Amino acid sequence: MERNNLYPIFLKMHELQVLIVGGGNVALEKLTFLLKSSPTANVTMVAPFFREDVKALAQTFDIKMYNMAYQESFLCDKDLVIVATDKLSVNHQVYNDAKRRHLLVNVADTPDLCDFYLGGIVTKGHVKIAISTNGKSPTTAKRLRQFFESVIPEDINQMVKNLNVYRKTLKGDFEDKVTALNKITENLIQK
């Protein structure tokens, strides 16, 4: 049986340095997706050309932009690289440079050149759900995102805050605390 073997993690994007190579439609999609989920992300972009809407979005979020061709020196002090150009030679060059530096890299629409994928994300306050179809069906991920957005209550954030306050008042060992929290939240999954 086939399965999705990807391991989901939640990164503190405000503590990482991200490079996006490209300035066109795909770069806009990647930047928009990143900033929607992590508006305080530290992003640098490099491209010989930037669409006007890329420039406007970058300016709104204080993104560093370099209007020039990619050079390997742009990878200095970076943690993650997203490649979003329509030039295969540039995509391969950035990928190879990033791998030599042991950086995580995503080359848009090229699964073989990706260490990670950007999946569907549902965010409601402190609650965030990541959805992956292992790159097989972005449309399914989109529909699942829409489903979860519609069924997760708008006041979920208040519940999370209240549970956090309650958790801090609990006495006993870890197992006792988990039991108490499980009891109070069991109605969340009533069928």
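Values in this document were obtained by computation on a predicted structure and should not be read as measured data.

## A look at the overall build of the protein
1) Next: Along its length, the protein carries six helices and seven strands.
2) Next: Listed N to C, the secondary structure of the protein is β-α-β-α-β-β-α-β-β-β-α-α-α in terms of helices and strands.
3) Next: With respect to the three principal axes, the spread of C-alpha positions in the protein is 55 × 40 × 30 Å.
4) Next: Counted over contacts in the protein with a minimum sequence separation of 6, partners at least 24 positions apart contribute 55%.
5) Next: Here the protein displays about 12,800 Å² of accessible surface, and carbon together with sulfur accounts for 54% of that area.
6) Next: Each charge class in the protein was averaged separately, 25 positive and 21 negative side chains, and the resulting centres sit 3 Å apart.

## Section: the side chain of Asn91
1) Next: For Asn91, the position within the fold is in helix 3 (residues 88–100).
2) Next: Look at Asn91 and you get buried, because its relative accessible area is 4%.
3) Next: In contact with Asn91, not counting residues within four places along its chain, are Val83, Thr85 and Val107.

## Regarding helix 6 (residues 174–185)
1) Next: Across its twelve residues, helix 6 extends 16 Å between first and last C-alpha, which sits within 8% of the 16 Å expected from 1.5 Å per residue.
2) Next: N-cap assignment for helix 6: the residue whose side-chain oxygen lies 3.2 Å from the backbone N of Glu175 is Asp173.

## With respect to the pattern of salt bridges
When charged atoms on two side chains of opposite charge get close, those side chains can pair.
1) Next: Tallied over the full model, the rule gives nine salt bridges.
2) Next: With a shortest N-O distance of 2.6 Å, Asp53 and Arg51 are connected by a salt bridge.
3) Next: Exposure remark for Asp53: the relative accessible area of 31% places this residue in the partly exposed category.
4) Next: What emerges from the salt-bridge pattern is a single network uniting Glu72, Asp97, Arg100 and Arg101.

## Here we look at the sheet that holds strand 1 (residues 17–21)
In any sheet, the strands associate via hydrogen bonds between backbone groups, in a parallel or an antiparallel arrangement.
1) Next: Pairing is parallel across the open sheet formed by five strands, whose spatial order is 3-2-1-4-5. The sheet is open, and its two edges are formed by strand 3 (64–67) and strand 5 (104–107), each paired on a single side. The mean inter-strand angle of the sheet, taken between neighbouring strand axes irrespective of direction, is 15 degrees.
2) Next: Pairing analysis gives five bridges linking strand 1 to strand 2 (residues 42–47), with the strands arranged parallel. From the neighbouring strand, Val21 faces strand 2, where its bridge partner is Val46.
3) Next: Contacts from helix 3 reach strand 1, strand 4 (80–83) and strand 5, with the element oriented near 170 degrees to strand 5.

Here is what the cut-offs are and how they apply
Residues numbered from 1 in each chain as written. Predicted model: local features only at pLDDT ≥ 70, side-chain atom pairs only at ≥ 80, totals over all residues. Heavy atoms only, no water. Helix = DSSP H or I, 4+ residues; strand = E, 2+ residues; numbered from the N terminus. Contact = heavy atoms within 4.5 Å. Areas by Shrake-Rupley, 256 points an atom, 1.4 Å probe, with all protein chains shown as cover. Lys, Arg positive; Asp, Glu negative; His and termini not counted. Charge placed at Lys NZ, Arg CZ, Asp CG, Glu CD. Buried < 20%, exposed > 50% of the residue type's maximum accessible area, 1.4 Å probe, protein only. Expected span 1.5 Å × (residues − 1). Polar contact = N/O pair within 3.5 Å; in protein donor to acceptor, adjacent residues only side chain to side chain. Salt bridge = Lys/Arg side-chain N within 4 Å of Asp/Glu carboxyl O. Pairing = 2+ DSSP bridges. Axes fitted to C-alpha atoms, helices over the stretch in contact; angles between N-to-C directions.

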